[in-house]
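Architecture and fold: a report
As a plain string of letters, each chain reads:
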Amino acid sequence: QVQLVESGGGLVQAGGSLRLSCAASGSGRTFSSYSMGWFRQAPGKGREFVAAIHWSGGSTYYADSVKGRFTISRDSAKNTVYLQMNSLKPEDTAVYYCAANLRTLNIATIGGYDYWGQGTQVTVSS
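Residues numbered from 1 in each chain as written. Predicted model: local features only at pLDDT ≥ 70, side-chain atom pairs only at ≥ 80, totals over all residues. Heavy atoms only, no water.

In this section: the overall build of the protein chain. Within the protein chain, the secondary structure is distributed over 0 helices and 11 strands. Traced from its N-terminal end to its C-terminal end, the protein chain shows the element sequence β-β-β-β-β-β-β-β-β-β-β. Its C-alpha radius of gyration of 14 Å places the protein chain within 12% of the 14 Å reference for a compact globule of 126 residues. Considered along the principal axes of its C-alpha atoms, the protein chain spans approximately 45 × 25 × 25 Å. For the protein chain, the residues scored as buried account for 42% of the 126 residues in total. Of all intrachain contacts in the protein chain linking residues separated by at least 6 positions in sequence, the fraction that spans at least 24 positions is 56%. Accessible surface, the protein chain: about 6,000 Å² in total, of which carbon and sulfur atoms supply 49%. Of the side chains in the protein chain, 11 bear a positive and 7 a negative charge, and the two mean positions are spaced by 3 Å. (Helix = DSSP H or I, 4+ residues; strand = E, 2+ residues; numbered from the N terminus. Rg over C-alpha atoms; globule rule 2.2 N^0.38 Å. Buried < 20%, exposed > 50% of the residue type's maximum accessible area, 1.4 Å probe, protein only. Contact = heavy atoms within 4.5 Å. Areas by Shrake-Rupley, 256 points an atom, 1.4 Å probe, with all protein chains shown as cover. Lys, Arg positive; Asp, Glu negative; His and termini not counted. Charge placed at Lys NZ, Arg CZ, Asp CG, Glu CD.)

Structural data, given as structure tokens:
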């Protein structure tokens, strides 16, 4: 079992920045052995992929809509993955979820992930 807890959401004006954190805990696999991802779900829409990072930290993946504005990173010493969000837009408003991918398969799809956090709200005002 892997428990994930997100933090760092809030209300920000368009053009501003936020950094989301996701702390992992649990028994079994160590944090450094599984890949991590961020997804988001806007009101009335389905959950969509935002970013992911390989278990080694050597590769990162981004949705086209956030490429160049968001950066995913991980700190294995702290069992934490981050999502730095810059140049935020009103369309980035959503609940953001982190997730753990134990097999590093289908890294950009919801079905590839095994554990999910409870989500954190990000609201960008225009």
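Right, let's talk about the sheet that holds strand β1 (residues 3-7) for a bit. One open sheet accounts for 4 strands, arranged β1-β3-β8-β7; its pairing is antiparallel. Each having just a single partner strand, β1 and β7 (70-75) make up the two edges of the open sheet. When the angles between neighbouring strand axes are averaged without regard to direction, this sheet yields 15°. Bridge count for β7 against strand β8 (residues 80-85) is 6 bridges, and the pairing is antiparallel. Residue pairing in the sheet places Ile 72 in a bridge with Leu 83 of β8. (Pairing = 2+ DSSP bridges. Axes fitted to C-alpha atoms, helices over the stretch in contact; angles between N-to-C directions.)

Turning to its location among the elements, Leu 4 is positioned in strand β1. The contacts of Leu 4, once residues within four sequence positions are left out, are Cys 22, Ala 23, Ala 24, Met 36, Cys 98, Ala 99, Ala 100, Tyr 115, Trp 116, Gly 117 and Gln 118.

Now for the side chain of Thr 93. Residue placement: Thr 93 occurs in the loop between β8 and β9 (94-101). Engagement of the side chain of Thr 93 in a polar contact is seen with the backbone oxygen of Pro 90, the distance being 2.9 Å. From its side chain, Thr 93 meets the backbone nitrogen of Val 124 in a polar contact 2.9 Å long. When sequence neighbours within four positions are dropped, the list of residues in contact with Thr 93 reads Ala 42, Pro 43, Gln 121, Val 122, Thr 123 and Val 124. (Polar contact = N/O pair within 3.5 Å; in protein donor to acceptor, adjacent residues only side chain to side chain.)

Right, let's talk about unusual backbone geometry for a bit. With phi around 50°, Asn 79 is a residue other than glycine that occupies positive phi space. Positionally, Asn 79 belongs in the loop between β7 and β8. We classify Asn 79 as partly exposed; its relative accessible area is 30%. One non-glycine residue, Asn 106, lies in positive phi territory at about 45°. Locating Asn 106 in the fold gives a position in the loop between β9 and β10 (115-116).

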